[in-house]
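# A look at the structure
As a plain string of letters, each chain reads:
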Amino acid sequence: MIVGVVGSGLMGSGIAQATATAGHQTIVGDTVASQLEKAKASIAKSLARFVEKGKLTADQRTLTLSRLEFVTDLGKVAEADLIIEAVTEDLAVKNELWGKLDRRAGPATIFASNTSSLSIISMASTTGRSDRFVGLHFFNPVPLMPLVEVVRSVGTSQATVDWAFEFVRGIGKEPVAARDASGFIVNLLLVPYILDGIRALERGVASIADLDTAMRFGAGHPMGPLTLADFVGLDTLAKIGDIMFDEYRETRYAAPPLLRRMVTAGFYGRKSGRGFYDYRQDPPVPAELGV
Ligand code: NAD
C-alpha cells in the first residue's frame, strides 16, 4: 500500500517514519522545501537512534529510508491509497488542501486527518467522500508513542473505521475509538491541564523549573506541563486551545495571555529553539520571560 503524508512538520515526519518502518511506501508532501529537508534529517537521526538501541537493524533502517519519497508536488501524494494530513491546525488551510486532494485522488483513496481539535466532519463534508474520511490522531513523538485515536465522524462508514483499526494495528500502534468531539479523548483532558500549568506560571505560583519538577515527582508524570507545551509547539497549542474554546465555550480551554505573547514573539517551543525553555543551550535552561 502507498501512504501519502501531507505536512512534514513535527507530526508529519513522525507519521511518515512510522508508516515507512512498517513497510509502506510513503510519499511525504509539504509546500515548504526546507521543511522536507528538516523532516528527512530528523527521520534519519531517529532511525539511527533505533539502530543504536538495537530496536532496528542497519538493513531495516536502509530499507525504511528507501521507502520514503519527499515531494513539493502534492499531485504526487494524491496517488496514495491512504492520505494522512498533518498540516497546520487551521481549518481554512486544511480544507483548501482537501479540496485539491479530493479532485486528484482516486475514488477508493481513504482520507485521514491528524487534527488535534478540529472536527472531522468539518473537513470531510467539503469533500465528496465523507464515508471514507476518518480521524487518525497520532501522538508526539510518533515513533515512540503507541496510541492512535481513530475518530469516526457522523459521515464515516463502518467499513472505513474497521479498515482504519486494521491499518493502525498493522503499523504496530494501539487504536482506540473516539467520538468526533473537539479534543477527542486525550486532548480533552490534557489541554486544560497544560494551559493550567501556564496560568500557574502567570500567577507566580512557582518557577518554570519548579512547576515541572512538581508534576514529575508529585504526580508521576514523565515530564512537567511546560516541558510538554514546548514539545507540542506553543503555536499549535494556542490554536488547539482556541478551537476547543470555540466549541465548548469553557474558559479552561482558552489560551492564556502569556501563551499568546510567546507565540507573537515567535517562541514556539522546541521546534523554534525557544519556549518555556531555551534550547539554544545544552542542556536547555528555563527561559527568562519576565514573569
Ligand atoms: P508543524 O507546524 O510542526 O508542521 C506543519 C507543517 O505543515 C509544516 O511543515 C508546514 O510547512 C506544512 N503545511 C502547512 N500548510 C500546508 C499545505 N497547504 N500543504 C502542505 N503542507 C503544508 O505542526 P505539527 O505539530 O506537526 O501539527 C500538524 C497537525 O498535527 C496539526 O493538525 C496538529 O493539531 C496535529 N497534532 C499535533 C501534535 C503535536 O504534539 N504537535 C500532536 C497530535 C496532532
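A brief look at the structure comes next.

About the thresholds
Residues numbered from 1 in each chain as written. Predicted model: local features only at pLDDT ≥ 70, side-chain atom pairs only at ≥ 80, totals over all residues. Heavy atoms only, no water. Pairing = 2+ DSSP bridges. Helix = DSSP H or I, 4+ residues; strand = E, 2+ residues; numbered from the N terminus. Axes fitted to C-alpha atoms, helices over the stretch in contact; angles between N-to-C directions. Near = heavy atom within 4 Å. Polar contact = N/O pair within 3.5 Å; in protein donor to acceptor, adjacent residues only side chain to side chain. Areas by Shrake-Rupley, 256 points an atom, 1.4 Å probe, with all protein chains shown as cover. Nonpolar A, V, L, I, M, F, W, Y, C, P; charged D, E, K, R; others polar. Phe/Tyr/Trp six-rings, centres within 6.5 Å; stacked < 30°, edge-to-face > 60°. Buried < 20%, exposed > 50% of the residue type's maximum accessible area, 1.4 Å probe, protein only. Lys NZ or Arg CZ within 6 Å of the ring centre and 35° of its normal.

### Here's the deal with the sheet that holds strand β7 (residues 147-152)
Picture the strands of a sheet paired through backbone hydrogen bonds; they go either parallel or antiparallel. Pairing is mixed across the open sheet formed by 8 strands, whose spatial order is β3-β2-β1-β4-β5-β6-β7-β8. Every other strand in the sheet has two partners, leaving β3 (68-71) and β8 (174-179) as the edge strands with one partner each. Strand-to-strand, the axes of this sheet are offset by a mean angle of 25 degrees, without reference to chain direction. Two elements, strand β6 (residues 133-138) and β7, share 4 bridges in a ladder whose sense is antiparallel. Bridged to His137 within β7 is Glu149.

### Examining the site of the ligand
By nearness alone, 26 residues border the ligand, and Asp30, Glu89, Lys94, Ser116 and Val232 come closest of all. Here Ser116 contributes a side-chain N or O atom positioned 2.8 Å from an oxygen atom of the ligand. For the ligand, whose accessible area on its own is 840 Å², the fraction buried by protein is 88%. At the level of secondary structure, the elements contributing two or more residues to the shell around the ligand comprise α1 (10-21), α5 (91-104) and β6. Taken together, the residues of the shell around the ligand break down into 10 nonpolar, 12 polar and 4 charged.

### Focus on the packing of aromatic side chains
Enumeration according to the criterion identifies 5 aromatic pairs in this entry. Ring geometry for Trp163 and Phe167: centres 5.7 Å apart, planes at 0 degrees, overall stacked. With a gap of 4 residues between them, Trp163 and Phe167 both fall in helix α7 (residues 158-170), about one helical turn apart. Judged by centre distance (5.3 Å) and plane angle (40 degrees), the ring pair of Tyr248 and Tyr253 falls under tilted. Exposure remark for Tyr248: the relative accessible area of 25% places this residue in the partly exposed category. Taken together, the ring pairs connect Trp98, Phe111 and Phe133 into an aromatic cluster. If you follow Arg129 out to its NZ or CZ, it ends over the ring of Phe111, 4.2 Å from the centre.

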